[in-house]
Amino acid sequence: MVSYKSQTWIVVALTVFTRFSQSFAAKKNFVTCGSIVKLLNTDYNVRLHSHDVKYGSGSGQQSVTAIELKEDVNSHWIIKAPTDKYCERGEPIKCDEIIRLEHLTTKKNLHSHYFASPLSGDQEVSAYGNNGFGDTGDHWQLLCSNDVWLRDARVRFRHVDTGAYLGLSGRSFGRPIAGQMEVAGLGSLHRDGTRWTTAEGLYIAPKEKEAEYAHTEL
């Protein structure tokens, strides 16, 4: 028969273990600097995407769209610090922090400016720069409700230079990118299309600095 004192120690041990497990799980759930992710728009169930196709109007820069297909390699984005700043690989991204998102395939940064978007007339969102180098138009403030960015959290991105919110206008392109949806800077965070979460990706774990897959990458 287990004594009352032994039962107390068992309860204490289980409590400590549970808290440690929850803390460890939460740590593994961080979105971190250097991670390569796909961003899923939870309002439209499409992924942020880019490719070497330029806008035929506005800035003429590389277009940014959103697609349903989750296997496309052109939907990968690297999470980086602002221009001329540094974040350590594996360091959790804090809410309200300013980041850049570099397109893995073309090495251009997610960008915005005061050009009108081609379909809706909202604010154009493009991919800009060379080999990851651009300007302050590549800066986005992460808006979330926790202390740090969690993988399953719904977040928003506010463009630092213009105040617009990364979102979808609800309109779709024709040729040569038929069916892909227009990504634009929206004037209000309350509009549909401004909510994002991380989907498939290669996440850099905090402290261990070791890459880990949180989801199966197709």
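What you are looking at is a predicted structure, and each value in this text was computed from that prediction instead of being measured.

Re the environment of Ile 177
Thinking step 1. For Ile 177, the location among the structural elements is in the loop between strand S10 (165-172) and strand S11 (181-186).
Thinking step 2. Each C-alpha atom of the pair Ile 177 and Val 53 lies 8.6 Å from the other, and the pair is 124 residues apart in sequence.
Thinking step 3. Those residues in contact with Ile 177, other than ones at most four positions away along the chain, are His 51, Val 53 and Thr 65.

Things to note about the state of the cysteines
Thinking step 1. The full count for this structure, using the stated rule, is two disulfides.
Thinking step 2. What pairs with Cys 33 in a disulfide is Cys 87, and their sulfur atoms sit 1.9 Å apart. Disulfide Cys 33 to Cys 87: torsion about the S-S bond roughly 65 degrees, handedness right-handed. Of the two residues, Cys 33 sits in the loop between helix H1 (4-28) and strand S1 (36-41) while Cys 87 sits in the loop between strand S4 (77-80) and strand S5 (98-103), which places them 54 residues apart along the sequence. For the pair Cys 33 and Cys 87, one class covers both residues: buried.
Thinking step 3. Here Cys 95 connects covalently by a disulfide to Cys 144, the sulfurs 1.9 Å from one another. On the sign convention where negative means left-handed, the S-S torsion of about -115 degrees between Cys 95 and Cys 144 marks this disulfide as left-handed. Residue Cys 95 is located in the loop between S4 and S5, and its partner Cys 144 is located in the loop between strand S8 (140-143) and strand S9 (156-159); the two are separated by 49 residues in the primary sequence.
Thinking step 4. Judged by its relative accessible area of 18%, Cys 144 falls in the buried class.

Some words on the pattern of salt bridges
Thinking step 1. Tallied over the entire structure, the rule returns five salt bridges.
Thinking step 2. Residues Glu 200 and Arg 47 are paired through a salt bridge, measuring 2.8 Å at the closest nitrogen-oxygen approach. Of this pair, Glu 200 sits in strand S12 (residues 196-204) while Arg 47 sits in strand S2 (residues 46-54), and the two are 153 residues apart along the sequence. As far as the burial class goes, Glu 200 and Arg 47 line up, both buried.
Thinking step 3. One salt bridge connects Glu 102 with Lys 80, and the closest N-O pair in it is separated by 2.6 Å. Residue Glu 102 is found in strand S5, and its partner Lys 80 is found in strand S4; the two are separated by 22 residues along the sequence.

Considering the layout of surface pockets
Thinking step 1. Its volume calculated, the largest pocket comes out at about 180 Å³.
Thinking step 2. Cys 33, Gly 34, Ile 78, Ile 79, Lys 80, Ala 81, Lys 85, Tyr 86, Cys 87, Arg 89 and Arg 100 together form the lining of the largest pocket.
Thinking step 3. Considering each element in turn, the lining of the largest pocket owes the most residues, three residues, to S4.

As for the packing of aromatic side chains
Thinking step 1. What the rule picks out here adds up to one aromatic pair.
Thinking step 2. Taking 5.7 Å as the distance between ring centres and 70 degrees as the angle between the ring planes, the aromatic pair formed by Trp 149 and Phe 157 counts as edge-to-face.
Thinking step 3. Classification of Phe 157 by relative accessible area gives buried; the value is 1%.

A word on the nonpolar core
Thinking step 1. Residues Leu 48, Val 64, Leu 110, Trp 149, Phe 157 and Leu 166 are the most contacted members of the largest nonpolar core, which totals 38 residues.
Thinking step 2. Discounting chain neighbours no more than four positions away, the residues touching Leu 166 are Leu 48, Leu 110, Val 125, Trp 140, Phe 157, Val 183, Ala 184, Gly 193, Thr 194 and Trp 196.

Side note on the environment of Arg 47
Thinking step 1. You can call Arg 47 buried: its relative accessible area is 8%.
Thinking step 2. For the pair Arg 47 and Gln 180, spaced 133 residues apart in sequence, the C-alpha to C-alpha distance is 9.9 Å.
Thinking step 3. Aside from chain neighbours lying at most four places away, what touches Arg 47 is Lys 38, Leu 39, Leu 40, Thr 65, Ala 66, Ile 67, Glu 68, Leu 69, Lys 70, Ser 75, Ala 199 and Glu 200.
Thinking step 4. Within the structure, the side chain of Arg 47 is placed 2.8 Å from the side chain of Glu 200, a separation counted as a polar contact.

A few points about the confidence of the model for the protein
Thinking step 1. Summarising the model, the protein shows a mean pLDDT of 86, and 82% of its residues fall at 70 or more.
Thinking step 2. Note on residues 209-213: pLDDT is under 50 here. Beyond four places in sequence and across chains, it has 17 contacts.

Basis of the calculations
Residues numbered from 1 in each chain as written. Predicted model: local features only at pLDDT ≥ 70, side-chain atom pairs only at ≥ 80, totals over all residues. Heavy atoms only, no water. Helix = DSSP H or I, 4+ residues; strand = E, 2+ residues; numbered from the N terminus. Contact = heavy atoms within 4.5 Å. Disulfide = S-S within 2.5 Å. Buried < 20%, exposed > 50% of the residue type's maximum accessible area, 1.4 Å probe, protein only. Salt bridge = Lys/Arg side-chain N within 4 Å of Asp/Glu carboxyl O. 1 Å grid on protein atoms, 1.4 Å probe; cavity = no way out; pocket = protein on both sides within 12 Å on 5 of 7 lines; lining within 4 Å. Points joined across faces, edges and corners; volume = space filled by probe spheres on them. Phe/Tyr/Trp six-rings, centres within 6.5 Å; stacked < 30°, edge-to-face > 60°. Core = buried A, V, L, I, M, F, W, Y, C linked by side-chain atoms within 4.5 Å. Polar contact = N/O pair within 3.5 Å; in protein donor to acceptor, adjacent residues only side chain to side chain. pLDDT = per-residue confidence, 0-100.

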